[in-house]
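# Overview (structure and organization)
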Amino acid sequence: MTEKKIRVLVAKPGLDGHDRGAKVVARALRDAGMEVIYTGLRQTPEMIAEAALQEDVDVVGLSILSGAHMALAPRILELLKANGQENVKVFIGGIIPDDDMPKLKEIGITGIYGPGASTDDIIRDIREAVTS
Amino acid sequence: MSEAVLQTQPILQGNRLALSRLLTQVENDTAEGRSALAELFPHTGRAHLIGVTGAPGTGKSSLVNQLTLHYRKEQKSKVAIIAVDPSSPFTGGAVLGDRVRMRDLSGDDGVFIRSMASRGSVGGLAQKTAAFVQVFDAAGYDIIIIETVGAGQSEVDIARLAHTTLVVEAPGLGDDIQAIKAGILEIADVLVINKADRPGVENTERALRSTLELAHPTRRVIHHHGRMMTLEPPPAETALWIPPILKTIATERTGIPELAEAIARHKSHLYQSGDWSARDRARLRSELDAVLQEALMNRFLNGSHREAYEQALEKVIRREWSPYEAVRGLLNGG
Ligand code: B12
Ligand SMILES: Nc1nc2c(ncn2[C@@H]2O[C@H](COP(=O)(O)OP(=O)(O)O)[C@@H](O)[C@H]2O)c(=O)[nH]1
Ligand SMILES: [Mg+2]
């Protein structure tokens, strides 16, 4: 039997064009042996939930540097749940003010990362969340 | 992991989450995946399988996006897309990016896109791509488009799997003789020159045509010693299919209806010539062979006959048995 691969969707929701971080993270996860599905820019929450469903991913990673995370994240969680994918772990990276972090954790975001976050930490946290 | 048997009924009824989860089980070759595949198998054999191959960057994903839009609009066919990208040979990880070019297809329940990492398999497909095709076929997808890795050299697997294989070229991608090898043309049912907005289309077309002439001799009129001569092609048993050459601009939707038409013509040709069932037979045979090979190897390498295998290997190393004698001994031994 083949070993189960961790599958991660890396998406850029909203109109935010900052894609360096998403690409850095995608490559780091690949180098850690994960299969990363990269959706590209300007994804609506609906597109992200649909891709997560079709790809049967373990993790959805959102990269948001535009400040729109408080609108986008809850909507994406809601759609994942509506599709029967409430077990999918959602991670967010980008520009997230400290004040918003507890609120995001509360609605069910598993991990939050800002500028300069170590990709080793991200990899470790994803592995931990998926195998727990 | 749960021991529960996967229900195939929801998949036959169009439940997308069940379908997606089964694909994962199949990809990981679990017992549940295998038994579900067996249950679904009688429901397969209806879909038109279209392969899309060609070097990276020629526009395969963009073309798949456009073709699918066309099929959804003109025929209302349900379309499944399997997009294969390479796994890193060092880490086993992969970045699968074909969806980036297929954003127009989101929000349509008649389309299902699944990305697949090659997971160490060579030949442009993943080991489980054929099994994915069976799942989509049983789930009622009329058209299944398979985009290969497109590494270039050994893309023959797709021709074995698909009914209709598109080979995509683009101007300026080293298209002089090197890239347009007879090998890749032999697998082409339809040739596409994408990026026809780019300079050098004529060169690409000329190179394709001359290679094509070598592979598929046709009736030609030539000048010979000042006289017109007609060369007849060798007589053929059935009507020959000569791969047409189509020019497209995937980013501007140019040439897409014509491409869809060429694919439809190839499909009717397959039916009329009897090649449809011949290809079906060849494909299922190669799938059966692959499974048989794997099962036999597993029996001796991981299974009940492991010890007999090790003993036979020792005898071969001591030069007591040749490899042929060893295999005869192993197979006769059970
Ligand atoms: C480079 C940059 C740009 C480049 C972007 C190039 C590109 N293609 O990405 C350019 C010049 C185009 C640009 C434009 C703009 N920018 Co700018 N930009 C930056 C800058 C300086 C660095 C961002 C970056 O690339 N960092 C490097 C990467 C590797 O880091 P990262 O993205 O943070 O990713 C790390 C973590 O966040 C995390 N992570 C990120 N994504 C993910 C995803 C997952 C799943 C996980 C687990 C982790 C994770 O891990 C990564 C590794 O550590 C930031 C300031 C800053 N210090 O962050 C401003 C910044 C993001 N930009 C900003 C702004 C306002 C803009 C503009 C609106 C400016 C304007 N008025 O035109 C435009 C908008 C562009 C657009 N279309 O959206 C603001 C955003 C303010 C806010 N959100 O409140 C910032 C914060 C600057 C500031 N202090 O004002 N920008
Ligand atoms: N100029 C031009 N660019 C195209 C055309 N088709 C695709 N592209 C671009 O070529 C790049 C590679 O396309 P993609 O579909 O990902 O190619 P693939 O690697 O073969 O799947 C992308 O930047 C596309 O936007 C075309 O007809 N003309
Ligand atoms: Mg592609």
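For the structure, see preceding data.
Here's what I pulled together on the structure shown here. This is a predicted model, so every value here is computed, not measured. (Residues numbered from 1 in each chain as written. Chains lettered and ligands numbered in written order. Predicted model: local features only at pLDDT ≥ 70, side-chain atom pairs only at ≥ 80, totals over all residues. Heavy atoms only, no water.)

## A few points about the overall build of chain A
Selection rule: Counting from the N terminus, the helices are DSSP H or I runs at least four residues long and the strands are E runs at least two residues long. As a reference, a globule follows 2.2 Å times the number of residues to the power 0.38, and the radius of gyration itself is taken over C-alpha atoms. Exposed residues in this analysis have more than 50% of their type's maximum accessible area, buried residues have under 20%, and partly exposed residues fall in between, with area computed by a 1.4 Å probe over protein chains only.
Helices and strands together make up the secondary structure of chain A, namely five helices and five strands. Listed N to C, the secondary structure of chain A is β-α-β-α-β-α-β-α-β-α in terms of helices and strands. Relative to the compact-globule value of 14 Å for 132 residues, chain A shows a C-alpha radius of gyration of 13 Å, a close match. Viewed in the frame of its principal axes, chain A has a C-alpha envelope of about 45 × 35 × 25 Å. Counting over 132 residues, chain A shows a buried share of 52%.

## Considering the coordination of the magnesium ion (ligand 3)
Residue and element names in this part refer to chain B. Heads up, the condition is: Here a donor is an N, O or S atom found within 2.8 Å of the metal, or within 3.2 Å if the metal is Na, K or Ca; sites may look incomplete because water is not among the atoms.
Bound to the magnesium ion (ligand 3) on the protein side are Ser61 (OG), Asp98 (OD) and Glu147 (OE), at distances that span 2.1 to 2.2 Å. If you list the donors of the magnesium ion (ligand 3) from N- to C-terminus, the spacing comes out as S-x36-D-x48-E. Of this pair, Ser61 sits in helix 4 (residues 60-74) while Asp98 sits in the loop between strand 3 (94-96) and strand 4 (111-117), placing them 37 residues apart in sequence. Side by side, Ser61 and Asp98 carry an identical accessibility label, which is buried.

## Describing the coordination of the cobalt atom of ligand 1
Within the protein, a single donor atom binds the cobalt atom of ligand 1, namely His18 of chain A (NE2) at 2.1 Å. Looking at the secondary structure, you find His18 of chain A in the loop between strand 1 (7-11) and helix 1 (20-31).

## A look at the pattern of salt bridges
As a reminder of what qualifies: For salt bridges, the criterion is a side-chain nitrogen of Lys or Arg within 4 Å of an Asp or Glu carboxyl oxygen.
Inspection of every chain in the model, using the stated rule, returns 32 salt bridges over all chains. Between Asp121 of chain A and Arg124 of chain A there is a salt bridge, with its nearest N and O atoms 3.5 Å apart. In this pair, Asp121 of chain A and Arg124 of chain A are both assigned in helix 5 (residues 119-131), three residues apart and thus about one turn of the helix distant. By relative accessible area, which is 33% here, Asp121 of chain A ends up partly exposed. As a salt-bridge pair, Asp125 of chain A and Arg124 of chain A come within 3.0 Å of each other at their nearest N and O atoms. Connected via shared salt-bridge partners are Arg7, Glu35 and Glu55 of chain A together with Glu27, Arg99 and Arg119 of chain B.

## Details of the interface of chain B and chain A
The condition is simple: Residues are treated as being in contact if the distance between any of their heavy atoms lies within 4.5 Å. We call two N or O atoms a polar contact when they sit within 3.5 Å, provided that within protein one can donate a hydrogen and the other can accept it, with sequence-adjacent residues counted only if both atoms are side-chain atoms. For two strands to be treated as a pair, DSSP must find at least two bridges joining them.
Listed by partner, the interface residues are 29 residues for chain B and 30 residues for chain A. Our enumeration of links across chain B and chain A arrives at 22 residue pairs in polar contact (both at pLDDT 80 or more). Mapped onto the side of chain B that touches chain A, the elements with two or more residues apiece are helix 2 (16-27), strand 3 and strand 4 of chain B. Where strand 2 (residues 35-38) of chain A meets strand 3 of chain B, three bridges bridge the pair, whose relative direction is parallel. Along strand 3 of chain B, the bridge assignment pairs Ile37 of chain A with Leu96 of chain B.

## Some remarks on the site of ligand 1
Residues and elements named next belong to chain A. Stated precisely, the cut-off is as follows: When we say a residue is near a molecule or strand, we mean one of its heavy atoms is within 4 Å of it. Basically, the charged four are Asp, Glu, Lys and Arg, the nonpolar ten are Ala, Val, Leu, Ile, Met, Phe, Trp, Tyr, Cys and Pro, and anything else, Gly included, counts as polar.
Near ligand 1 lie 22 residues; those nearest to it are Gly17, His18, Ser63, Leu65 and Ala117. In this structure, a nitrogen atom belonging to ligand 1 sits 2.8 Å away from a side-chain N or O atom of His18. Take Leu65: an N or O atom from its main chain is 2.8 Å from a nitrogen atom of ligand 1. Sorting the residues of the shell around ligand 1 by element identifies helix 1, strand 3 (59-64) and strand 4 (89-94) as the ones contributing at least two each. Its residues assigned to classes, the shell around ligand 1 comprises eight nonpolar, 11 polar and three charged.

## Regarding the site of ligand 2
All names here are of chain B. The test is simple: Methods summary: accessible areas were calculated by the Shrake-Rupley approach with a probe of 1.4 Å, and residue burial reflects only the protein chains presented.
Near ligand 2, the surroundings consist of 17 residues, among which Gly57, Lys60, Ser62, Asp197 and Ala250 are the closest. Within the contact set of ligand 2, an oxygen atom lies 3.1 Å away from a side-chain nitrogen or oxygen of Lys195. For ligand 2, whose unbound accessible area comes to 580 Å², protein coverage reaches 78%. The dominant element in the shell around ligand 2, judged by the number of residues it contributes, is helix 4, at three residues. Along the lines of polarity and charge, the residues of the shell around ligand 2 split into four nonpolar, seven polar and six charged.

## Considerations on the packing of aromatic side chains
Residue and element names in this part refer to chain B. This is how the line gets drawn: The rule is short: rings of Phe, Tyr and Trp, with Trp giving its six-membered ring, pair when the centres are within 6.5 Å, and they are stacked under 30 degrees, edge-to-face over 60, tilted in between. Only lysine NZ and arginine CZ atoms are considered, and such an atom sits over a ring when it is within 6 Å of the ring centre and within 35 degrees of the ring normal.
Counting across every chain of the model gives four aromatic pairs over all chains. Centre to centre, the rings of Phe136 and Tyr141 are 5.5 Å apart; their planes meet at 85°, and the pair counts as edge-to-face. For the residue pair Phe136 and Tyr141, the accessibility class agrees, reading buried in each case. Among the aromatic residues, ring-to-ring pairing joins Phe112, Phe136 and Tyr141 into one connected group. The aromatic ring of Tyr141 is capped on one face by Lys78, whose charged end is 4.4 Å from the ring centroid. Geometry around Trp321 places Lys315 over its ring, the cationic atom sitting 4.2 Å from the centre.

## Some points on the sheet that holds strand 10 (residues 245-247) of chain B
Residues and elements named next belong to chain B. The cut-off we apply is this: Angles here are taken between N-to-C directions and fall from 0 to 180 degrees, while the axes themselves are lines fitted to C-alpha atoms, restricted in helices to the stretch in contact.
One open sheet holds the seven strands; their spatial order is 4-2-5-1-6-7-10, and the pairing between them is parallel. Every interior strand has two partners, whereas the edge strands, strand 4 and strand 10, have only one. For this sheet, the mean angle separating the axes of adjacent strands, direction not counted, is 20°. Running over the sheet, helix 4 touches strand 1 (48-53), strand 2 (79-85), strand 4, strand 5 (143-147), strand 6 (164-169) and strand 7 (190-193) and is turned about 170° from strand 5. Sheet contacts for helix 5 (residues 129-138): strand 1, strand 2, strand 4 and strand 5; angle to strand 2, the most-contacted strand, approximately 165°.

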